[in-house]
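Analysis of the macromolecular model
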There are 4 protein chains.
Amino acid sequence: MNKTDINVIEEVSLNKPIFIEALPGIGHVGKLAIDHLIDTLDATKFAEVYSPYFPPQVFIDEDGLVENMINEFYYLKEFGEDKKDYIFLVGNSQALSPEGQYILSGDILDFVEKYGIEMAYTLGGLATGQPIENSKIFGAATDIECIETLKEANVEIRSADGGIVGASGLLLGLSKIRGIMGICLMAETPGYFIDAEAAEAILLKLSELLNITVDTEKLDERAEETKMMISKAQQMEQEMMGKNQQNSDDLRYIG
Amino acid sequence: MNKTDINVIEEVSLNKPIFIEALPGIGHVGKLAIDHLIDTLDATKFAEVYSPYFPPQVFIDEDGLVENMINEFYYLKEFGEDKKDYIFLVGNSQALSPEGQYILSGDILDFVEKYGIEMAYTLGGLATGQPIENSKIFGAATDIECIETLKEANVEIRSADGGIVGASGLLLGLSKIRGIMGICLMAETPGYFIDAEAAEAILLKLSELLNITVDTEKLDERAEETKMMISKAQQMEQEMMGKNQQNSDDLRYIG
Amino acid sequence: MNKTDINVIEEVSLNKPIFIEALPGIGHVGKLAIDHLIDTLDATKFAEVYSPYFPPQVFIDEDGLVENMINEFYYLKEFGEDKKDYIFLVGNSQALSPEGQYILSGDILDFVEKYGIEMAYTLGGLATGQPIENSKIFGAATDIECIETLKEANVEIRSADGGIVGASGLLLGLSKIRGIMGICLMAETPGYFIDAEAAEAILLKLSELLNITVDTEKLDERAEETKMMISKAQQMEQEMMGKNQQNSDDLRYIG
Amino acid sequence: MNKTDINVIEEVSLNKPIFIEALPGIGHVGKLAIDHLIDTLDATKFAEVYSPYFPPQVFIDEDGLVENMINEFYYLKEFGEDKKDYIFLVGNSQALSPEGQYILSGDILDFVEKYGIEMAYTLGGLATGQPIENSKIFGAATDIECIETLKEANVEIRSADGGIVGASGLLLGLSKIRGIMGICLMAETPGYFIDAEAAEAILLKLSELLNITVDTEKLDERAEETKMMISKAQQMEQEMMGKNQQNSDDLRYIG
């Protein structure tokens, strides 16, 4: 595999869908929120994305089955008060290298543009590095019109005090170049644990902006599951790092 | 050389061969096991693989001859109780970069698929980080049917407590995408030395699963040889690292 | 996006323009100088450059709007005493990887060569690592004729005591291969802060060489703004690094 | 520039030339030896090699002129007792990344194969890490015939105690795959300074093997010059590293 491989499972026709990205990131806030939304609303998976820029590994699930590093597209048709169509992008990894990030983000936008998306939301966490009481939601956007929408929804506007690294930033930036409007919602989170409260906060604010209703009751449960998977990922990383440092020939060389 | 170069030495026709991968990894368990199997059963090398993603170096053998970084394919025809055909993948290195791992694994599967493989085994070590008495064999697989097979053979099923990094993981994951069934066998090993006992344990379990017989008597001897080559590899790495840090211009710049 | 993307905003016809590069670098001396020149002289942006080798992120401006990593081309027609045409290259980033630097520099030269450039200036800082009173201007060039020009303008010639890393060096070196004459001006700067005085010194020397007049009054103000953006960039970097080290799975893995 | 660029300066017809590589490496032993040989014997440059995998920078010479990172081909016709033709590969850098090493080495062999080379020599240093009295010459080769030649010339055969990293190793290994015979000569050197004595030792042994005569009188002088260029290169590296660590946004980000 030497380029992005998008495997379409179901041919679906969508009407100017809203595109919502929530890949793993700080505090796994976005991922937690959208995984929950997809589950609760029973969205339908219609495409899978594989990339040579993902980490070169597999996970193992509770049954001993291997899971590839993957991004997945789900859709919802005529959902919410406004009867809008939605495309969700979720997954278990982001591209590792800078070029990989740009290549994959470009390929993802090529794909969703074919469905006629006119608006993109990207979700993430905003690391505070310290405990917080209530996760405030911050926003940034591709244009002033979206900024006004955010202000009306009482979203705090981020302002020249940082940036957005990774898919949540790049998908928004590359959308802007293509003339697609976009908003990034960021929930404050300490950043060093899986934050179900921040996920709930961002999900409630997203629901308000989209004029939809999502039951957030079981978010805590999901946070627990995610926590287990993360400790697994950390363990793998440590193993890989540790082995590479101690016996750096292990992975790479003959023995 | 800017892409995978597979040099076919012998055109061979195989009947739904079983594909078995054992490249250098943790404790060199898999490599040790399959190098021994190939040697003992007199399997035939039929193709060589070179990759720009291997470490940029050569080894020197006991006669002063240079050895390229390489992966090699061997076959066995109508072997064992079940008269099955086999393809083995062994070698002295894995790709260094994430992209290299994906590209090479994809090219390897493209190649073996042409021979009609329907089942893949990947072998590796599972680092315990501490001494062990008897190396237990763990397994993961692409599907429930294979998991059942593993359970019947008293293989411990790994479960949501980690993953598989490198070729053993990726070849399994990418096989799953292509609809090829696969099993990864992992032998417990301290991880910080060449582990002939773990190699024997994995070879015995593999033999049971494949319904074949392999003499494991000379595995210790092979472990000794491998140990020497590894200390060579480590020495090279340290030289390379040391030089790069102290006189980082040495390799790269003019002088 | 998997290659350099140059978006031409205005088709413009230029007469043997002088090409001046000033991307972010040591002390942001060159960037500060040319951003000021473009602003003061009201140069016109005519093309934007995006690259998969830029950092995978966006900045956020004071209104909450996202800004892509970008390089930009500006032009001036029949400017100065000599009524010359100019192309300026400015931006908020350079390519991250060595290959990215070569690929992007080559693509940039391909682009400006179409406008018939015959002369290239690249601007940078020369880090002293300690406070300096007056920023002396040093020069290097592609040929002896340019060196003579520099000497006549009392530019100190750099001599076998170092080199030029990044776009300022590479654009000059690759120009030389293409038969385009070029000069690099480097202003002494401590290197650890945004240096408006060094920017003024380089701008005055450049003006003298080009026989143009530029008002340098508001350079201090611009230095302040730049300082804010840099501290933003540093903060992002630290966030990214910190997160990667503490919770290295955050960006890359599932949770 | 996104791939190897070989600029042929003179079309030359050669008769089964011997190919000799000596790029910057440990102790700059090989480079020093062949730069001297080229100079003394007045070999003719006939091609220049540029690569996007070289360090992204230029050097500045004593006149203030920029020098690209480069590899260069020289030839000698009907030279020595045996009236043989020669191609020399020298330069101021090697590729930085593993892939770059493989790609560049492959392109270099493609080029010299067009001239009908049948034999390749690569030269390097063998770091001892401590002072040595007389630099012993070690050898490795692609085949037993060459090993016998080395033994007859009293070259110590390296044996399963290490490998060869970088161009000297890779060009030999890739030659072997192409059916080109090759020898690597390695001179013992402490490794932490420019070693004129090791260069002399390797040059004398090479002369013996090739049945040619080379005056080694001025090697010390050349070592001094090389020493100055290296300290320049180290200084650049340190500047680059230092800046990147202290103000890591300098090179990459806006300011």
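Because the structure is a prediction, the values reported are computed rather than measured.

Some details on the overall build of chain A
Secondary structure assignment for chain A yields 7 helices and 12 strands. The burial tally for chain A puts 57% of its 255 residues in the buried class. Long-range contacts, defined as pairs at least 24 residues apart, comprise 75% of the intrachain contacts of chain A with a sequence gap of at least 6.

Thoughts on the sheet that holds strand E4 (residues 57–60) of chain A
Taken in spatial order, the 3 strands make up an open sheet running E5(A)-E4(A)-E11(B), and their pairing is antiparallel. Edge positions in the open sheet fall to strand E5 (66–68) of chain A together with strand E11 (163–165) of chain B, since each of these has one partner strand only. Each adjacent strand pair in this sheet contributes to an overall mean axis angle of 30°, direction not counted. With 3 bridges joining them, E4(A) and E5(A) adopt antiparallel strand pairing. Its bridge partner lying in E5(A), A:Phe59 is registered against A:Glu67.

Brief notes about the pairing of strand E7 (residues 84–91) of chain C
Successive residues of a regular strand alternate their side chains across the two faces of the sheet. All names here are of chain C. For E7, the buried fraction is high: 6 of the 8 residues fall into the buried class. Bridge count between strand E2 (residues 18–21) and E7: 4 bridges; the pairing is parallel. Bridge pairing links Glu21 to Leu89 in E7. As defined by bridge partners, strand E6 (residues 71–79) adjoins E7 across 7 bridges and the pair is classed as antiparallel. Across the sheet, the residue bridging to Phe79 is Lys84, located in E7. Hairpin connection of E6 to E7: 4 residues between the antiparallel strands, including Gly80 at a positive phi of 80°.

Some remarks on the pairing of strand E12 (residues 181–189) of chain A
Residue and element names in this part refer to chain A. The element E12 is largely enclosed, with a buried count of 8 among its 9 residues. By the bridge criterion, 9 bridges tie strand E8 (residues 119–127) to E12 in an arrangement that is parallel. Bridge pairing in E12 links Gly124 to Met186. As defined by bridge partners, strand E9 (residues 137–141) adjoins E12 across 5 bridges and the pair is classed as antiparallel. Across the sheet, the residue bridging to Ile137 is Ala187, located in E12.

Observations concerning the sheet that holds E9(A)
Taken in spatial order, the 9 strands make up an open sheet running E1-E3-E6-E7-E2-E8-E12-E9-E10 (chain A), and their pairing is mixed. Edge positions in the sheet fall to strand E1 (5–8) and strand E10 (156–157) of chain A, since each has one partner strand and no second.

Concerning the environment of C:Tyr50
Here C:Tyr50 lies in strand E3 (residues 44–50). Linking C:Tyr50 and C:Met69, residues 19 residues apart in sequence, is a C-alpha distance of 7.1 Å. Excluding anything up to four places from it in sequence, C:Tyr50 contacts A:Ile177, C:Met1, C:Asp5, C:Asn68 and C:Ile70.

Thoughts on the packing of helix H1 (residues 29–41) of chain B against helix H5 (residues 196–210) of chain B
Residues and elements named next belong to chain B. Running from N to C, H1 and H5 cross one another at 65°; their axes reach a closest spacing of 8 Å. Seen along the crossing, H1 lies across H5 with a hand that is right-handed. Facing H1, whose interface residues are Val29, Gly30, Leu32, Ala33, His36 and Leu37, H5 presents Ala196, Ala198, Ala199, Ile202 and Leu203. Counted by class, the contact of H1 with H5 contains 9 nonpolar, 2 polar and no charged residues.

Re helix H4 (residues 167–177) of chain D
For the α-helix, the turn length of 3.6 residues means that residues three or four positions removed from each other point alike. All names here are of chain D. Most of H4 sits inside the fold, with 10 of its 11 residues counted as buried. Buried residues of H4: Ala167, Ser168, Gly169, Leu170, Leu171, Leu172, Gly173, Leu174, Ser175 and Lys176, and no others. Phi for Gly179, located one or two positions after H4, is positive at around 80°.

Topic: the nonpolar core
By size, the foremost hydrophobic cluster in this structure holds 320 residues, and its most contacted members are A:Ile202, B:Ile202, C:Ile202 and D:Ile202. If sequence neighbours within four positions are ignored, A:Ile202 has contacts with A:Val29, A:Gly30, A:Ala33, A:Leu123, A:Ile137, A:Leu185 and A:Ala187.

Focus on unusual backbone geometry
Positive phi values are uncommon outside glycine, yet A:Asn211 reaches one of about 60°. Within the secondary structure layout, A:Asn211 lies in the loop between helix H5 (196–210) and helix H6 (219–246). Located in the positive-phi region is B:Glu78, a residue other than glycine, with phi close to 45°. Examined against the element boundaries, B:Glu78 turns out to sit in strand E6 (residues 71–79). By C-beta crowding, B:Glu78 is classed as exposed, having 11 other C-beta atoms within 10 Å.

So, the environment of D:Ile103
All names here are of chain D. Its place among the elements puts Ile103 in helix H2 (residues 98–113). Of the residues examined, Ile103 has 21 C-beta atoms within 10 Å and is grouped as buried. Taking the C-alpha atoms as reference points, Ile103 and Gly91, 12 residues apart in sequence, are found 17 Å from one another.

Quick look at the environment of D:Ala43
Residue and element names in this part refer to chain D. For Ala43, the location among the structural elements is in the loop between helix H1 (29–41) and strand E3 (44–50). Residue Ala43 is classed as buried on the basis of its C-beta count, with 20 C-beta atoms lying within 10 Å. For the pair Ala43 and Ile87, spaced 44 residues apart in the sequence, the C-alpha separation amounts to 9.1 Å. Not counting residues up to four positions away in its chain, the partners in contact with Ala43 are Ile38, Tyr74, Tyr75, Leu76 and Phe88.

A closer look at the confidence of the model for chain A
Atomic detail in the predicted coordinates should be set aside for any region of low pLDDT. Chain-level pLDDT for chain A is 88 on average; 88% of the residues reach the 70-or-more range. Segment residues 240–255 of chain A is flagged for pLDDT under 50; beyond a separation of four residues in sequence, or across chains, it makes 42 contacts in the model.

Parameters at a glance
Residues numbered from 1 in each chain as written. Chains lettered and ligands numbered in written order. Predicted model: local features only at pLDDT ≥ 70, side-chain atom pairs only at ≥ 80, totals over all residues. Helix = DSSP H or I, 4+ residues; strand = E, 2+ residues; numbered from the N terminus. Buried ≥ 20, exposed ≤ 12 C-beta atoms within 10 Å, placed from the backbone. Contact = placed C-beta atoms within 7 Å. Pairing = 2+ DSSP bridges. Axes fitted to C-alpha atoms, helices over the stretch in contact; angles between N-to-C directions. Left-handed = near helix turned anticlockwise from the far one by under 90°. Nonpolar A, V, L, I, M, F, W, Y, C, P; charged D, E, K, R; others polar. Core = buried A, V, L, I, M, F, W, Y, C linked by C-beta atoms within 7 Å. pLDDT = per-residue confidence, 0-100.

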